[in-house]
Amino acid sequence: MHLMQLPREVLLGENLKGEAVNVAKRLGLGEKALVLYGPKTKEIAGKDIEKSLRESFDVSALVIREASMEEVEKTLTKIRDDNSDWLIAVGGGSIIDVAKLASFKAGVPFISFPTTASHDGIASANASIKDLGTKTSVKAVPPVAVIADVGVIKTAPYRYLAAGVGDMISNLTAVKDWQLAHRIKGEYYSEYAASLSLMSAKMVIKNADIIRLGNEESVRKVVKGLISCGVAMSIAGSSRPASGAEHLFSHALDAIAPKPALHGEQVGVGTIIMAYLHGLKWERIRETLKKVGAPTNAYELGIDPEYIIEALTIAHTIRPERYTILGKDGLTREAAEKAAKITGVI
Ligand SMILES: NC(=O)C1=CN([C@@H]2O[C@H](COP(=O)(O)OP(=O)(O)OC[C@H]3O[C@@H](n4cnc5c(N)ncnc54)[C@H](OP(=O)(O)O)[C@@H]3O)[C@@H](O)[C@H]2O)C=CC1
Ligand SMILES: O=C(CO)COP(=O)(O)O
Ligand SMILES: [Zn+2]
């Protein structure tokens, strides 16, 4: 059996901080709410949401600092101690992922309230959580509702929107890797999920000039694309349609680089290199990233070229069960250096 879980409500618009109350009432989520936010997103929207919820619900709150197993455990303890009926995650990908996994483990629903359009985990059912030093993709639950407040998301530095483009363009190589795994390893492949995922990647290529304006229309376009990627992942039952070798490269950087860049920025650069390895038109990908002002090389990522090469050589070890263009043995140092140099990444 193939179980596809999807959000029941998606709200996209302005001034939606007070809407959590109505959504929770409509969906009958229960009396006791737990708000999760980060130190910054608490100020950006978390406190206001908490305040509006207090008028109708019994509310507690918790600050989340990273997408790690420790933070998931901390959230589970809070859910048990406070008897929470539901959660709301106010923040970037890290906070939403912690909520997703805690929600799944505790069996309570959660609402996703993204404060950035920097990643496609806004509506997906899988969580990327750091466990014992490396990121693992864990099956969880999708949010019961998504509340995307364009006004809030627009206050985030433009860099985050450009990162969202990187996370969507990565679907081009992710789908290629998935097809490869299907042909070589007989892995399950969903044509529908792959097409949906590719649609978001094509949309950002086509709309790069609009997106770079960083206005309300840009935010709406990017948010819709990111939500579609999440739906594609739900249909596939894994992050396959949106995560291939370019993601393994980014996860490797997160593990070894002293100061990693944003997820979407790293996967964007990874996509240029993996597209080259796949024999795709990598220049077109670089062009789109340049157009929207996303990083296209090590310097712009603020990461030393040495870490780029190392990440490329160890990427295949991150999730060995996820077969990609990197194969079972990965890239040699020479091949990694060559690919990075040809594509102008180093
Ligand atoms: N599950 C999935 O399908 C997917 C998961 N991911 C995961 O998502 C994470 C990346 O998410 P990303 O959003 O890039 O990064 P983070 O969630 O780590 O957020 C980065 C920083 O941005 C801050 N921030 C959030 N909103 C705003 C805002 N409006 N204005 C200013 N600063 C803001 C955060 O504040 P604060 O410190 O308050 O949190 C944090 O300091 C990774 O862990 C990645 O693996 C990515 C794609 C898909
Ligand atoms: O980032 C993701 C998709 O964009 C999630 O993928 P992972 O399975 O690599 O964590
Ligand atoms: Zn991603």
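Starting afresh in each chain, residues are numbered from 1 along the sequence in its written order. Both sets of labels track the order of writing: A upward for chains, 1 upward for ligands. Totals for whole chains, interfaces and linings use all residues, but because this is a predicted model, local features are given only for residues with pLDDT of at least 70 and pairs of side-chain atoms are given and counted only at 80 or more. Values reported for side chains reflect all heavy atoms of the structure, with hydrogen atoms and water molecules removed beforehand.

## Concerning the overall build of the chain
And step 1. Each helix corresponds to a stretch of at least 4 residues labelled H or I by DSSP, and each strand to a stretch of at least 2 residues labelled E; elements are numbered beginning at the N terminus. When its secondary structure is counted, the chain shows 16 helices and 8 strands.
And step 2. Here the C-alpha coordinates of the chain stretch approximately 60 × 40 × 40 Å along the principal axes.
And step 3. Partly exposed residues are those whose accessible area sits between 20% and 50% of the maximum for their type, while under 20% is buried and over 50% is exposed, using a 1.4 Å probe and protein chains only. Across the 346 residues of the chain, 58% fall into the buried class.
And step 4. When checking whether two residues touch, look at their non-hydrogen atoms; a contact exists if any pair is within 4.5 Å. The contacts in the chain between residues at least 6 apart in sequence include a share of 77% that link residues at least 24 apart.
And step 5. As displayed, the chain has an accessible area near 14300 Å², and 51% of this comes from carbon and sulfur atoms. For the accessible areas, the method is Shrake-Rupley and the probe is 1.4 Å, while residue cover comes only from the protein chains on display.

## Considering the UniProt feature "binding site: Zn(2+)" (unreviewed entry) in the chain
And step 1. UniProt positions are given in the numbering used here, feature names are shortened, and annotations may be inferred rather than shown by experiment. Residues annotated by UniProt as "binding site: Zn(2+)" (unreviewed entry) correspond here to Asp167, His247 and His263. A maximum C-alpha distance of 9.0 Å among these annotated residues, which run over 97 residues, shows that they cluster at one spot.
And step 2. In this fold, aspartate 167 is placed in helix H6 (residues 158-169).
And step 3. The contacts of aspartate 167, once residues within four sequence positions are left out, are Ser118, His119, Asp120, His247, His263, Gly264 and Val267.
And step 4. Among the structural elements, histidine 263 can be located in helix H12 (residues 263-278).
And step 5. Contacts of histidine 263, omitting those with residues within four sequence positions, involve Asp167, His247, Ser250 and His251.

## Looking at the coordination of the zinc ion (ligand 3)
And step 1. Looking at the zinc ion (ligand 3), one finds its protein donor set to be Asp167 (OD), His247 (NE2) and His263 (NE2), positioned 2.0 to 2.1 Å from the metal centre.
And step 2. Sequence positions of the residues that donate to the zinc ion (ligand 3) give the spacing D-x79-H-x15-H. With a gap of 96 residues between them, aspartate 167 in helix H6 and histidine 263 in helix H12 connect regions that are remote in the sequence. Donor criterion used throughout: N, O or S atom within 2.8 Å of the metal, extended to 3.2 Å for Na, K and Ca. Water excluded; incomplete-looking sites may result.

## Points about the domain arrangement of the chain
And step 1. For each domain, the first and last residues come from an automatic or database assignment. Per the domain assignment, the segments of the chain are domain 1 (9-155) and domain 2 (158-342).
And step 2. Its C-alpha centre places domain 1 at a distance of 25 Å from the equivalent point of domain 2.
And step 3. At the junction of the two partners, domain 1 supplies 26 residues and domain 2 supplies 29 residues.
And step 4. Of the roughly 2100 Å² buried between domain 1 and domain 2 on both sides combined, carbon and sulfur atoms contribute 65%. Take the accessible area each of two parts loses on contact, using a 1.4 Å probe, and add the two losses: that sum is the buried area.

## Thoughts on the packing of helix H8 (residues 191-206) against helix H10 (residues 216-236)
And step 1. Their axes nearest at 8 Å, the elements H8 and H10 cross at an angle of 165°. Looking at the two axes, H8 sits roughly antiparallel to H10. Seen from above, H8 lies across H10 with left-handed handedness. Side by side, H8 and H10 meet where Tyr192, Ala193, Leu196, Ser197, Ser200 and Met203 of the first sit next to Lys221, Gly225, Ser228, Cys229, Val231, Ala232, Ile235 and Ala236 of the second.
And step 2. For this classification, Asp, Glu, Lys and Arg are treated as charged, while Ala, Val, Leu, Ile, Met, Phe, Trp, Tyr, Cys and Pro are nonpolar and the rest, including Gly, are polar. Among the residues making up the contact of H8 with H10, the classes are represented as 9 nonpolar, 4 polar and 1 charged. Structural elements are reduced to axes, namely lines fitted to C-alpha atoms, with helices fitted over the stretch in contact, and the angle between N-to-C directions of any two is expressed from 0 to 180 degrees. Any angle between 65 and 115 degrees counts as roughly perpendicular, while under 35 counts as roughly parallel, over 145 as roughly antiparallel, and the rest as oblique. Each crossing gets its hand from how the near helix is turned against the far one by less than a right angle, where anticlockwise is left-handed and clockwise is right-handed.

## Notes on the site of ligand 2
And step 1. One heavy atom within 4 Å of a molecule or strand makes the whole residue count as near it. As a matter of local geometry, ligand 2 sits amid Asp120, Asn126, Ser128, Ser137, Asp167, Ser239, Ala242, Ser243, His247, His251, His263 and Arg319.
And step 2. A distance of 2.6 Å is found between an oxygen atom of ligand 2 and a side-chain nitrogen or oxygen belonging to serine 137.
And step 3. At 3.1 Å from an oxygen atom of ligand 2 is found a side-chain nitrogen or oxygen belonging to histidine 263.
And step 4. Protein coverage of the free-state accessible area of ligand 2, which is 310 Å², stands at 95%.
And step 5. When contributions to the shell around ligand 2 are tallied by element, the ones reaching two or more residues are strand E6 (126-131) and helix H11 (245-256).
And step 6. Counting only domains with at least three residues in the shell around ligand 2, you end up with domain 1 (9-155) and domain 2 (158-342). In protein, a polar contact means a hydrogen-donor-capable atom and an acceptor-capable atom, both N or O and within 3.5 Å, with residues adjacent in sequence counting only if both atoms are side-chain atoms; elsewhere, any N or O pair within 3.5 Å suffices.

## Observations concerning the packing of aromatic side chains
And step 1. The pairing test for Phe, Tyr and Trp rings, Trp by its six-membered ring, is centres within 6.5 Å, and the orientation test on the planes gives stacked under 30 degrees, edge-to-face over 60, and tilted for anything in between. For the structure shown, the criterion picks out 2 aromatic pairs.
And step 2. Ring centres of phenylalanine 57 and tryptophan 86 lie 5.4 Å apart, and the angle between their planes is 80°; on these two criteria the pair is classed as edge-to-face. Highlighted residues: phenylalanine 57 in the loop between helix H2 (39-54) and strand E3 (58-63) and tryptophan 86 in strand E4 (residues 86-91), separated in sequence by 29 residues.
And step 3. Overall, the relative accessible area of 11% leaves phenylalanine 57 in the buried class.

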